Amino acid sequence: MQALMILVIMVLTVWLQGVVQFIFRPDLVLILTVILSVKLKKEKALSSAFLSGWLTDALFSFGFVNTSLKTLTAMLAIFLKKFLMWPDLSLISFLVMILTPLSKLGEMLLLRVFYSQNVPLWPILGTTVINLILTPFIFYLLDHLIKSENE
Amino acid sequence: MSYRFLLVFLLVLSLLLNVPQIQRSRPVQIIRSGTQALFYPINYLTASAFDGAKFFIRVRRVEGENQELRLKLSAALAEMRILLPLKEENEVLRRGLNFGSAFGYQLVPARVIGRSGDTWLEQVTINKGSAHGVQIGQTVVCREGLVGRIREVSRYSSRVELLTSPGSSIVATLPRTQNLGMINGGYGDKLKLRYVQEAASIEAGEAVVVGGGSQTIVPGVPIGRVRRVTHSVEMLFQDIEVAPLVNLSKLDLVFICKP
């Protein structure tokens, strides 16, 4: 049941990310990836991250940059949470704060390496700020739907 | 499956997927197309819902705009209805001013406020009187020409004797030949020019204006045009029928010539 719920949330998030046009585009999939990385077992979190990245790429993108980035984001979040014994919201907010710019820089790098594309740097700050603003809301929304599976 | 193995597998796989050759490979294409096909109904439905919402919003906006434009149109039409008579009045006043300055008189505009059915072509009442400087005998004109003269004056209104009135008698001249005569009313909507000698050469269509010998009427004001000339060997004078330039049945705005 939990898996189905996660799948539904993932599809909705990917759809929102791809369909809704924001002025400053938040990275909703990244926020979801971080939340799942904190709340779920690491194997499930990693697979979910890969799947959400794949869905984003398959439906709304031309390459597979998101698949790589979301997997890497989940990996880093799982790695960092071991050292930070903070309440969930603080931990997730902190991880979103550092992983959003890192993810964007990774996106720039991958796009340059694999697709010879130059992405501007300036949206990084906007996306980070808006991600940080949205994180508590998304967290409280998902907190009731996804049970914590921390070992 | 251990976490480490899964991590390495997914990372390597995700990075390899970005390699163009692998990306274009048949299995990757099939999986990608399969995912898209799987999500096509969701995408289609959400896109339709979005389009529907946008359409609804646009219709509401257009409806609002339409209502606003209708209101503006109604207001503009109402304004136009008010402005059109004002425009006509303005034109009449402008012509009147030119007319007045040409004869060296000050023109006092006045509106016809009354006329009786039994004296329809004889007299009219105007809304200016002695309070406005109107005096008996002053010439009354409109943009086309002579209307008549003031016969009675009260404080705020006056009575104008029209050209066509039976009692009206005005010295007139024919500018082409300089022949003098007397314009008389009492012939319905027509006038008679009398006392023009039989020998004078008068033609139909010729202009008739107020003569210089007139003591009360402003000289040179157009009266009408000769309609018909009748010669008779038994008479000393010609029988000349004149059509007034002013349609005296439709008087509205007139001007009193103040010296």
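The structure contained in this document is the topic of the report that follows. (Residues numbered from 1 in each chain as written. Chains lettered and ligands numbered in written order. Predicted model: local features only at pLDDT ≥ 70, side-chain atom pairs only at ≥ 80, totals over all residues.)

**Brief notes about the overall build of chain B**
Put simply, the test is: Helix numbering and strand numbering both begin at the N terminus, where a helix is a DSSP run of H or I of at least 4 residues and a strand a DSSP run of E of at least 2. Partly exposed residues are those whose C-beta has more than 12 but fewer than 20 other C-beta atoms within 10 Å; 20 or more makes a residue buried and 12 or fewer makes it exposed, with C-beta atoms placed from the backbone. Here contacts are defined at the residue level, using C-beta atoms placed from the backbone and a cut-off of 7 Å between them.
When helices and strands are counted, chain B shows three helices and twelve strands. Relative to its 259 residues, chain B shows a buried fraction of 26%. Contacts in chain B between residues at least 24 apart in sequence constitute 54% of all its contacts with a sequence separation of at least 6.

**Overview of the nonpolar core**
The line we're drawing: Buried Ala, Val, Leu, Ile, Met, Phe, Trp, Tyr and Cys residues form a nonpolar core when they are connected through C-beta atoms within 7 Å.
One finds Val141(B), Val147(B) and Ile223(B) to be the most contacted residues of the largest nonpolar core, which totals 38 residues. One finds Ile9(A), Leu46(A), Ala74(A) and Leu7(B) within the second-largest nonpolar core, a separate group that totals 32 residues.

**Quick notes on the packing of helix H4 (residues 65-81) of chain A against helix H5 (residues 88-115) of chain A**
All names here are of chain A. Applicable threshold: Working convention: axes come from line fits to C-alpha atoms, limited for helices to the stretch in contact. Angles between N-to-C directions cover 0 to 180 degrees. For any helix crossing, the convention is left-handed if the near helix is rotated counterclockwise from the far helix by under a right angle, and right-handed if that rotation is clockwise. Note on residue categories: nonpolar means Ala, Val, Leu, Ile, Met, Phe, Trp, Tyr, Cys or Pro, charged means Asp, Glu, Lys or Arg, and polar means any other residue, Gly included.
Orientation of H4 relative to H5, taken along the N-to-C sense of each, is 145°, at an axis distance of 10 Å. In terms of crossing hand, the pair formed by H4 and H5 is right-handed. Side by side, H4 and H5 meet where Val65, Ser68, Leu69, Leu72, Thr73, Leu76, Ala77, Leu80 and Lys81 of the first sit next to Leu91, Leu95, Leu99, Ser103, Gly106, Glu107, Leu110 and Leu111 of the second. Grouping the constituent residues of the contact of H4 with H5 by class yields eleven nonpolar, four polar and two charged.

**Observations regarding the pairing of strand S10 (residues 222-230) of chain B**
Residues and elements named next belong to chain B. Applied cut-off: A pair of strands is considered paired only if DSSP assigns at least 2 bridges between the two.
Here three bridges tie strand S9 (residues 207-210) to S10, and the two strands are oriented antiparallel to one another. Along S10, the bridge assignment pairs Val209 with Pro222. Pairing of S10 with strand S11 (residues 239-244), which is carried by six bridges, proceeds in the antiparallel orientation. Across the sheet, Val226 pairs through a bridge with Val242, a residue of S11.

**A few points about the pairing of strand S4 (residues 146-153) of chain B**
Residues and elements named next belong to chain B. Of all the eight residues making up S4, six are buried; the element is thus mostly covered by neighbouring parts of the structure. Of the pairings in the sheet, the one linking strand S3 (residues 139-141) to S4 comprises three bridges and is antiparallel in character. Bridge pairing in S4 links Val140 to Gly148. In textbook terms, the turn of a hairpin is the stretch between consecutive antiparallel strands, and for S3 and S4 this stretch comprises four residues. Two strands pair when backbone bridges link them, and S4 and strand S5 (residues 158-162) are joined in this way by five bridges, in the antiparallel orientation. Along S5, the bridge assignment pairs Val153 with Ser158. Connecting the antiparallel pair S4 and S5 is a turn made up of four residues.

Remember that the coordinates give geometry; whether it matters functionally is a separate question.
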